[in-house]
Amino acid sequence: MDVGAAPLAARKGAPPSLVGRSALLASIEARLAANGSVVLTGPSGIGKTALLEAVGDAAAARGELVLRVAGTETERWVPCSGLAELLDQLPDTLTADLPRERLTGLPAPHPMAATAAAKAAGERALGRSFADRSGMDHVACRLSFRGLLARCAEDRPVLLLVDDAQWVDTESVHAVRYAVRRLGSRGVRAVVAGPWPDGLAAGDGGSTPWAPAPDALHLPVPPLGPDELAEMFDSYGLPVRVVNTLHSDSGGNPFLALALGGAFTDRIPRHWRPAPLPQRVQAVIAERLARLPAQAHETLLMAALAIRPTTDLLCRAGRTEAARDIRRAAVLGLLITEGGGIRFTPPAVGTVLAEAADAQHLARVHRALAAVVPDAAGRARHRALADPGPNAELAHSLVTAAEQAVRQGSHRMAAELYRLAADRSPAEPAAERLEWLVAAAETGANGGLPDLVHQAAEGVLTADATRAQRVRVRLALLDLSGQGLAEMGEVFAAALVDADGDPALLGPLRLRMALGALLNGAPDLAEQEADGALAHAREAGDTATEAKALALRANISLIEGRDDYVRDLELAGRLPEPPLDGQMHTTPRYIAAYCAIAEDRLPEARAELLRMLALVERGSGEEVVHVLRNLSEVAARTGRCREALDFADRAMRIAEQAALSPGPAWYPGALAELAGGSIHRAVALAERGLRASEQENDVIFQARLLHVLGVARMRIGDVRAGVDTLLRIEALGSAPDERGRGMRCPMVLRWHGDLAQGLVALGEIDRAEEVVRTARAAIGDRCRGAAVTGLLDRAEACVLAARGEPDDAVTLLRQAAALFERLGQPLEVGHCLLEQARIERRRRRAGAARKAAADALEIFLRCGARPWAEQARHRLARLDMGLQDGGPAPFGAVAQVTLTEGEQRIAVLVGQGATNQQVANRLFLSVKTVEASLTRIYRKLGIRSRAQLGSLLGSAPPEKGVTLHP
């Protein structure tokens, strides 16, 4: 049975197994309401059983007769075993006088069969009787079952629930199918669940052999998305970063995620080290692999041994049926294919496959791969894995290949090669082997390989390593922690002991201490540590660390609103550029691009970031995530909404697969969704990112995510919650005297104008005016001509409009729009036009209001800014209907409107043109009830006629507070 139980669930209680399944449940219910049947398909653990239980509970609550049966592999050859289980659940009044001799040709039951126990035993004897008789009457069996269900359907609808249908005996399947086909119009329906049959993929257009009706609706049960899995784990107390990793490892399968998650509950997450594979997961993997033929096993083994497997690579290595084998494995939930690549879910599938093969078998596969992989580093890796003994010459060739991989930015490949070199190195000289283990840890941290990093670090720290080697592997552990440096106090302390007195070691260590202090909201301490790192680097002649320390000082100065960041960047620019070591996001080049974004030099920043992406895109660590997140932000600001979503999606995917801190990846995701995707999705990403950043004590991204979350909440109509969210930014910081510092500079984090607009919407005009005045004082004259000035101008225009000065407000909005136009920020131009439309409409200048809204819509459509375009359409619809706005609203949002489920149904039908009598007939209501409901709907929506309701239904976007479902 497809259950969701796991060790974690057993300790915490039943899992919220229906998270993310509301749309699927609605489709099932709609089909059943139309007297249709449904087939649910998907791999084990995906949640089919939970859906069946929910559908059955809902049907029982409506008074339907619900009959359940679950197939069992050991009983699939027993004829009518499933049918007997269904008959057990029929009312006694129907089965007490069951005429078996006449209807089925079987002997009549013993007189004692009137008792429930004897009756059940007699029903189960059906299977044995059929097995013993050579002349089984299948037709009579089906007619008998159909006749019983027909009698049941006279009183109430009947719902048959069949789980693990692939193991239900054939005769029972035929009986269910016959009854449903004949009685469907009389209220006998079925929901059947099971996997797709072997050799048949869900997209092939075929049908399952156990479908209850030819026209049954086939619904694949999809994996849970990251948001849905995070919601499922909300009650379990796991760190968000761990949950993100669980989604990657499980492929969104709820059972696998729960089973894998159970191993994390008793662990301290500070090192983010993966847990051993639970036995239940091993059992699931074994069960799925057992359903594949031997040739598919061979294909999957080859994929498991390749570092970047693709179907094309497997074909070139001799697996001519690779596409079919991969498709079968995907149907079973063993892997997923994305972007042309293959990824096992969980990754341990590859380990199980490799452990089942002997050494000679593995060597043959590695030699086959060595002949076809396109890169020299990959060929060296496979040749080394095919020759497992110590070999000094081979080890040195692997190191040469690893160094080349580092220069190309392939840190994962480099880490694998360094580890292999250490494994193939003879016992002596030991120093050489330890040095390669250190290099494996360093490159593995930059490539997001926590397993490898911890293994290499353990090998170094338990050996006779030098102080420098011990410090370097601890630096790798620090880099692996990402934004969670606050949790790494023990590692910092041990590294300080080993580095004591050596400036070459203290420089890189104090650089990371400075970054940790900055992330934790202590800019003074961060600057102090950065100064120390700079002094140590200069003493040791370490120009790379010197340049990074200057870049970090510039970053601190910028986010604190000081001008001296320019001088530090100039000093850093005179030094040799640091090598490509996986830390691009700490270099002067990267910080200079970040400063260009803050200064609204967006084309320049974009060009430089794209060049950086070309250098690091072969990697999979933090540097790639940070470059992508800045590219996404630049794209959103410049109106390239599709590009913003793409860059953000890539950043989130890398962060998930490499088990990196999710906050820096989810921030651009939320920002991009706010610009060109879904506002509700933006809220979800911002909330998850905020929780992750709070758990890692990352104040920098807490502030950024609070800003996005506050704006998103205001744009869906919850202005009070949005304002309260923005006000939380001021309280950030690790010490009272530093609270909010680095987040208050309007030039870097531009939340002040949004806060002021929200306060205006709440009627707090004086407070909004004070926010604008304070922000202007903070930026002074140095930001004249910057976008932050336009943001504050727009906020001040809202204040002026609220004070009854519309002419001055419109003048200021036009001034702000002209500034944004010069800076190449079209979404901000459109936002100004929406505000202008609102003000013009309130002073009854409908033509000017309509032109401003139409111009805004044109801009948003050109940029692919879907949420903004929907708000502009809504504004135009209200103007066309002659509706007056109820008051100042930020970002063109409307107030939250909640209709009951019944009101929603009535509104949809009326909006589609149905009369009150037609609505009453359709929904089984009285005409008076419909009329009273319409009165409430009109009042809630602020409209007066059916025509206005139809227009509103056609224009109201899903992001608004009005949510209407047919």
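So, how was this worked out
- Residues numbered from 1 in each chain as written.
- Predicted model: local features only at pLDDT ≥ 70, side-chain atom pairs only at ≥ 80, totals over all residues.
- Heavy atoms only, no water.
- 1 Å grid on protein atoms, 1.4 Å probe; cavity = no way out; pocket = protein on both sides within 12 Å on 5 of 7 lines; lining within 4 Å.
- Points joined across faces, edges and corners; volume = space filled by probe spheres on them.
- Helix = DSSP H or I, 4+ residues; strand = E, 2+ residues; numbered from the N terminus.
- Nonpolar A, V, L, I, M, F, W, Y, C, P; charged D, E, K, R; others polar.
- Salt bridge = Lys/Arg side-chain N within 4 Å of Asp/Glu carboxyl O.
- Buried < 20%, exposed > 50% of the residue type's maximum accessible area, 1.4 Å probe, protein only.
- Expected span 1.5 Å × (residues − 1).
- Contact = heavy atoms within 4.5 Å.
- Core = buried A, V, L, I, M, F, W, Y, C linked by side-chain atoms within 4.5 Å.
- Pairing = 2+ DSSP bridges.
- Axes fitted to C-alpha atoms, helices over the stretch in contact; angles between N-to-C directions.
- Phe/Tyr/Trp six-rings, centres within 6.5 Å; stacked < 30°, edge-to-face > 60°.
- Lys NZ or Arg CZ within 6 Å of the ring centre and 35° of its normal.
- Parallel < 35°, antiparallel > 145°, perpendicular 65-115°, else oblique.
- Left-handed = near helix turned anticlockwise from the far one by under 90°.

**Things to note about empty space enclosed by the protein**
Stage number 1. Scanning the model with the defined rule gives 7 cavities of 30 Å³ or more in all.
Stage number 2. Each pocket or cavity is described by its volume, and for the largest cavity that value is around 690 Å³.
Stage number 3. Around the largest cavity, the lining comprises 32 residues; the ones closest to its centre are Arg637, Leu671, His707, Asp754 and Glu828.
Stage number 4. Every element with two or more residues in the lining of the largest cavity is listed here: α30 (588-598), α32 (622-637), α34 (663-676), α36 (699-715), α40 (787-802) and α42 (826-842).
Stage number 5. Of the residues in the lining of the largest cavity, the class split is 19 nonpolar, 4 polar and 9 charged.

**A closer look at the pattern of salt bridges**
Stage number 1. Across all of its chains, the model carries 57 salt bridges by this definition.
Stage number 2. Where Arg324 meets Glu321, a salt bridge forms, and the shortest distance between an N and an O atom there is 3.9 Å.
Stage number 3. Take Arg324: its relative accessible area is 30%, and that puts it in the partly exposed class.
Stage number 4. When its relative accessible area of 37% is taken as the criterion, Glu321 is described as partly exposed.
Stage number 5. The partner of Arg601 in a salt bridge is Glu604, with the nearest N and O atoms 2.5 Å apart.
Stage number 6. Taking relative accessible area as the criterion, Arg601 reaches 30% and is therefore assigned partly exposed.
Stage number 7. Judged by relative accessible area, Glu604 falls into the partly exposed class, the value being 47%.
Stage number 8. When salt bridges with common partners are traced through the structure, they connect Glu29, Arg62, Glu64 and Arg189 into a single cluster.

**Here's the deal with helix α21 (residues 411-424)**
Stage number 1. For α21, spanning 14 residues, the distance from its first C-alpha to its last is 20 Å, which sits close to the expected 20 Å at 1.5 Å a residue.
Stage number 2. Across the 14 residues of α21, 11 count as buried, placing the element largely inside the fold.
Stage number 3. Residues of α21 that are buried include every one of His411, Met413, Ala414, Ala415, Glu416, Leu417, Tyr418, Leu420, Ala421, Ala422 and Arg424, and no others.
Stage number 4. Next to the buried residues of α21 lie α19 (376-385), α20 (392-407), α22 (430-447), α23 (450-461) and α32.

**Looking at the nonpolar core**
Stage number 1. By size, the foremost hydrophobic cluster in this structure holds 147 residues, and its most contacted members are Leu398, Tyr418, Leu478, Leu558, Leu609 and Val627.
Stage number 2. The biggest single contributor to this core is α36, with 11 residues.
Stage number 3. In this view, Leu478 contacts Leu485, Met488, Val491, Phe492, Leu509 and Arg512; residues no more than four positions away in its chain are not counted.
Stage number 4. By size, the runner-up hydrophobic cluster in this structure holds 49 residues, among which are Leu246, Val281, Leu314 and Val372.

**A word on helix α17 (residues 348-355)**
Stage number 1. For α17, the set of buried residues is Ala348, Val349, Gly350 and Leu353.
Stage number 2. On its buried face, α17 is in contact with α13 (279-289), α14 (294-305) and β7 (341-344).

**With respect to the sheet that holds strand β4 (residues 188-194)**
Stage number 1. Taking strand neighbours across the sheet as the criterion, the 5 strands line up as β2-β3-β4-β1-β5 in an open arrangement whose pairing is parallel. Bordering the open sheet on either side are β2 (65-70) and β5 (217-220), each of which pairs with just one other strand. Averaged over all pairs of adjacent strands, the angle between their axes in this sheet comes to 15 degrees, without regard to strand direction.
Stage number 2. On the sheet, helix α2 (residues 22-33) packs against β1 (38-41), β3 (158-163), β4 and β5 and is oriented at approximately 170 degrees with respect to β5.

**Overview of the side chain of Arg510**
Stage number 1. Looking at where Arg510 falls in the secondary structure, it is placed in helix α26 (residues 503-519).
Stage number 2. In contact with Arg510, not counting residues within four places along its chain, are Gln528, Glu529, Gly532, Ala533 and His536.

**Some thoughts on the environment of Arg407**
Stage number 1. Mapped onto the elements, Arg407 comes out in helix α20.
Stage number 2. A C-alpha to C-alpha distance of 9.3 Å links Arg407 and Leu615, two positions 208 residues apart in sequence.

**What to know about the packing of aromatic side chains**
Stage number 1. Enumeration according to the criterion identifies 2 aromatic pairs in this entry.
Stage number 2. Pairing Tyr667 with Phe701 gives two aromatic rings, centres 6.0 Å apart and planes at 70 degrees, and the pair type is edge-to-face. A residue pair is termed long-range when its members are at least 10 positions apart, and Tyr667 in helix α34 and Phe701 in helix α36 qualify at 34 residues. Comparing Tyr667 with Phe701, the two get one shared label, buried.
Stage number 3. Where Phe860 meets Trp868, the ring centres are 5.4 Å apart and the plane angle is 25 degrees; that geometry is what we call stacked.
Stage number 4. With relative accessibility at 7%, the residue Trp868 sits in the buried group.
Stage number 5. The cationic tip of Arg704 hangs over the ring face of Phe701; the distance from NZ or CZ to the ring centre is 4.7 Å.
Stage number 6. Note that Arg715 overlies the ring of Trp868, its terminal NZ or CZ placed 3.8 Å from the centroid.

**With respect to the environment of Ile679**
Stage number 1. Tracing the backbone shows Ile679 in helix α35 (residues 679-695).
Stage number 2. Assessed through its relative accessible area of 0%, Ile679 is described here as buried.
Stage number 3. Separated by 30 residues in the primary sequence, Ile679 and Leu709 place their C-alpha atoms 9.6 Å from one another.

**Thoughts on the packing of α14 against helix α18 (residues 359-370)**
Stage number 1. Here α14 crosses α18 at 70 degrees, and the two axes come no closer than 10 Å. As the angle between them shows, α14 and α18 are arranged roughly perpendicular. Considering how the two elements wind past one another, α14 and α18 form a crossing that is right-handed. Contact residues: Glu298, Leu301, Met302 and Leu305 in α14; His361, Leu362, Val365, His366, Ala368 and Leu369 in α18.
Stage number 2. Per-class residue counts for the contact of α14 with α18 are 7 nonpolar, 2 polar and 1 charged.

**Quick word on unusual backbone geometry**
Stage number 1. Between Thr345 and Pro346 the backbone carries a cis peptide bond, its omega angle lying at -5 degrees.
Stage number 2. Within the fold, Pro346 resides in the loop between β7 and α17.
Stage number 3. Not every positive phi belongs to a glycine, and Cys80 is a case in point at roughly 65 degrees.
Stage number 4. On the secondary structure map, Cys80 appears in the loop between β2 and α4 (81-88).
Stage number 5. Residue Cys80 is classed as buried on the basis of its relative accessible area of 1%.
Stage number 6. In the Ramachandran plot, Asp600 falls in the positive-phi region, its phi being about 65 degrees despite a non-glycine side chain.
Stage number 7. Along the polypeptide, Asp600 turns up in the loop between α30 and α31 (602-616).
Stage number 8. The exposure class assigned to Asp600 is buried, which follows from its relative accessible area of 6%.

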